[in-house]
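Close look at the chain arrangement
As a plain string of letters, each chain reads:
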Amino acid sequence: MDLPRQSISVAHTPSRPVVRKPPRLRRLAGIGVRHGVLIVLALLFILPFFWMVSTSLKLPSQIFVWPPVWLPNPFAWFNYPKALGFIPFFRYLLNTLYYGVATVLGVLLSSSLVAYGFARVRWRGRQTVFMIMIATMMIPFQVIMIPLFILFHALGWVGSFKPLIIPTFFGSSVFSTFLLRQFFLTIPQTLSDAARIDGASEFAIYYRIILPLAKPALATVALFQFMYAWNDFLGPLIYINRQSLYTISLGLQSFLSAYGTQWGLLMAASTVATLPMILLFFLTQRTFIQGINLTGIKG
Amino acid sequence: MLTAAAGPRGSSGLQKSYQGWLFISPWIIGFLAFSLFPFVASLYYSFTNYNILTPARWIGLANYQALVHDSLFWTSLYNTLYFTAISVPLSTVLAIGIAILLNMNVRGLAIYRTIFYLPAVVPAVAASILWLWLFNPSFGLIDSILRDVGIPGPGWTFSVVWAKPALILMGLWGLGAPMVIYLAALQGVPTELYEAASIEGATGIHKIRYITLPFISPVILFNTILGIIGSFQYFTQAYVMTSGGPSNSTLFYSLYMYQQAFQFLHMGYASAMAWILFILILLATLLIFRSSARWVYYGGE
């Protein structure tokens, strides 16, 4: 690709016309078109949310009609207690929280240690081993899914959260390790050197200096992992076989197969399953954006 | 080994090496137990007949031979390739398009960005149920609107022809995830380049073609590869919404593999499918990397 490399110098030659500014009217029209397109798109993106909540507040008599009823009248709030009564929602919520919090702990602990080893300690073979770790990200879960199941089956872990939780304590979230390493690399080396001169051990530097400085990155990793656990379906589907251990995703799916046409109830349950993620997203937007910038493939 | 410590860094070299390995040791254990072992084991199982309950029996290439004659295998492969070939380019183009629009100094950027990203945080099962309702042929919102303008709804998830497009359409709802990554990349394009191009008389289209796209091309490469890997693994929506139907029109590769493994307990057969999946993804990735020499611009760094 050739970029217009030399064109900057042209700016200084007075013979050329200065920056061509489109007439005011045309510029305004441009802004209008841009916003028009964006607003239409934004409405299309919001519409499913609106429809989910709206349906969740409707009586069946307002659901199965044409033309569609946009705003339910009256609000059928009872869909919510009814849906949450059909599925032991609170139980599923606790299970999901357990899965989420335990794996967040695992990821924070192991990924930060491993990331430190890759980012802040110099050792022979580091680059090669790091490339191997990155390469494992390319192995789709489906490829190792079956032997993992056989392994966990042999260990007697199937039917519990162990297969989903224990690997995270052994750096299974390579993505998190990668993200933390990227962040650790940005911390000035002089901080570590000064501590080393003072006789601090490598672990003390990790624990006392790097971890406190890396709080934003740790928050990002924790957030991503928690959302992953909340949304995960295939993992619990394979390993969890008792209803008392169902996560919210599994519970929703079984609710769908049991009451496939009760759209008011299904939308109420879906709204309840979605709401915590949306709240979490709004509360942590800054952490989120930071995480996205960290995934940027610089460096 | 003992002399390895010599050098400017003094006697700490050897000790450092051992400390490096110590820090990454959790991952080393995890890598051996939960990645490398299953990876190799899955190749072994692909040459066996195994149902978990009785010991695995070596049957050589029989699983692979059976796959060649399994019409559902080919159907699932076709469905997955169809899905990938349409959804990856389509969502890439749309995500970049929206990101470029947002990057044009529009007011309310943060609000738009939030709106476009929001669907990406909706749990896949909840989104699946919601879209099943939106696609409902009798009272779904989409067909209701189509009926208003005089178009009969195609039946979506109940139609052999329209079920895959329905899932692709639904997938576009989640394009906020790659979109924010593109937006972050666009914000890294130096504005001097655009100014210089304006002086040269370049139009908006030219600027996108010759400045924007080359600059973000490494990100396009990265997202495309992730997108392809993701669509080869497409599972949850198909499992929840259509269970592969109607008439296997949404029987995607991962779904068929799951059925073979966990519904029929054909662990060996499914392992053979897993290895074919791995090789396909590897080939696709290599192919894109090969082609990337021609369209990815790395001059910025």
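Residues numbered from 1 in each chain as written. Chains lettered and ligands numbered in written order. Predicted model: local features only at pLDDT ≥ 70, side-chain atom pairs only at ≥ 80, totals over all residues.

Once that is clear, we can look at the overall build of chain A. Assigned secondary structure in chain A consists of 16 helices and zero strands. Radius of gyration (C-alpha) of chain A: 26 Å, far over the 19 Å computed for a compact globule of 299 residues. Seen through its C-alpha atoms, chain A measures out along the principal axes to roughly 70 × 70 × 35 Å. Within chain A, the fraction of its 299 residues that count as buried is 38%. (Helix = DSSP H or I, 4+ residues; strand = E, 2+ residues; numbered from the N terminus. Rg over C-alpha atoms; globule rule 2.2 N^0.38 Å. Buried ≥ 20, exposed ≤ 12 C-beta atoms within 10 Å, placed from the backbone.)

Let us look at the interface of chain A and chain B. Reports of interface size often rely on the accessible area that becomes lost once the parts have come together. With 85 residues of chain A in contact, the opposing surface of chain B contributes 82 residues. If one sorts the elements of the side of chain A that touches chain B by residue count, helix H2 (residues 24-56) of chain A sits on top with twelve residues. (Contact = placed C-beta atoms within 7 Å.)

Glancing now at the domain arrangement of chain A. All names here are of chain A. On domain assignment, one finds that chain A holds domain 1 (23-77) and domain 2 (82-295). For domain 1 and domain 2, the distance between their C-alpha centres works out to 34 Å. Listed by partner, the interface residues are eight residues for domain 1 and six residues for domain 2. Of all the elements, H2 adds the most residues to the side of domain 1 that touches domain 2, at four residues. Tallied by class, residues from the side of domain 1 that touches domain 2 come to five nonpolar, two polar and one charged. (Domains from an automatic or database assignment. Nonpolar A, V, L, I, M, F, W, Y, C, P; charged D, E, K, R; others polar.)

Parsing chain B into structural domains produces domain 1 (2-45) and domain 2 (66-295). The C-alpha-based centres of domain 1 of chain B and domain 2 of chain B are spaced at 37 Å.

Attention now goes to the packing of H2(A) against helix H4 (residues 109-117) of chain B. Geometry of a packed helix pair, given as the angle between the helix axes and the separation of the axes. Taken N-terminus to C-terminus, the directions of H2(A) and H4(B) make an angle of 35 degrees; their axes are 9 Å apart at the nearest point. The chirality of how H2(A) crosses H4(B) is left-handed. Only B:Tyr112, B:Ile115 and B:Phe116 of H4(B) make contact with H2(A), whose side of the interface consists of A:Leu38, A:Ala42, A:Phe45 and A:Ile46. In terms of residue class, the contact of H2(A) with H4(B) is made up of seven nonpolar, no polar and no charged. (Axes fitted to C-alpha atoms, helices over the stretch in contact; angles between N-to-C directions. Left-handed = near helix turned anticlockwise from the far one by under 90°.)

Another aspect to go through is unusual backbone geometry. Of the consecutive residues A:Asn73 and A:Pro74, the connecting peptide bond is found in the cis state with omega at -5 degrees. One can find A:Pro74 in the loop between helix H3 (60-63) and helix H4 (79-86). For B:Ser243, which is not glycine, the phi dihedral falls at a positive 45 degrees. Looking at the element boundaries, B:Ser243 is found in the loop between helix H11 (236-241) and helix H12 (253-263). In this structure, B:Ser247 takes a positive phi of about 50 degrees despite not being glycine. Along the chain, B:Ser247 turns up in the loop between H11 and H12.

Once that is clear, we can look at the environment of A:Tyr259. All names here are of chain A. Along the chain, Tyr-259 falls in the loop between helix H14 (248-258) and helix H15 (263-283). Along the backbone, Tyr-259 and Gly-32 are 227 residues apart, and their C-alpha atoms lie at a distance of 46 Å. Other than its neighbours up to four places away in sequence, Tyr-259 contacts Phe-86, Leu-265 and Leu-266.

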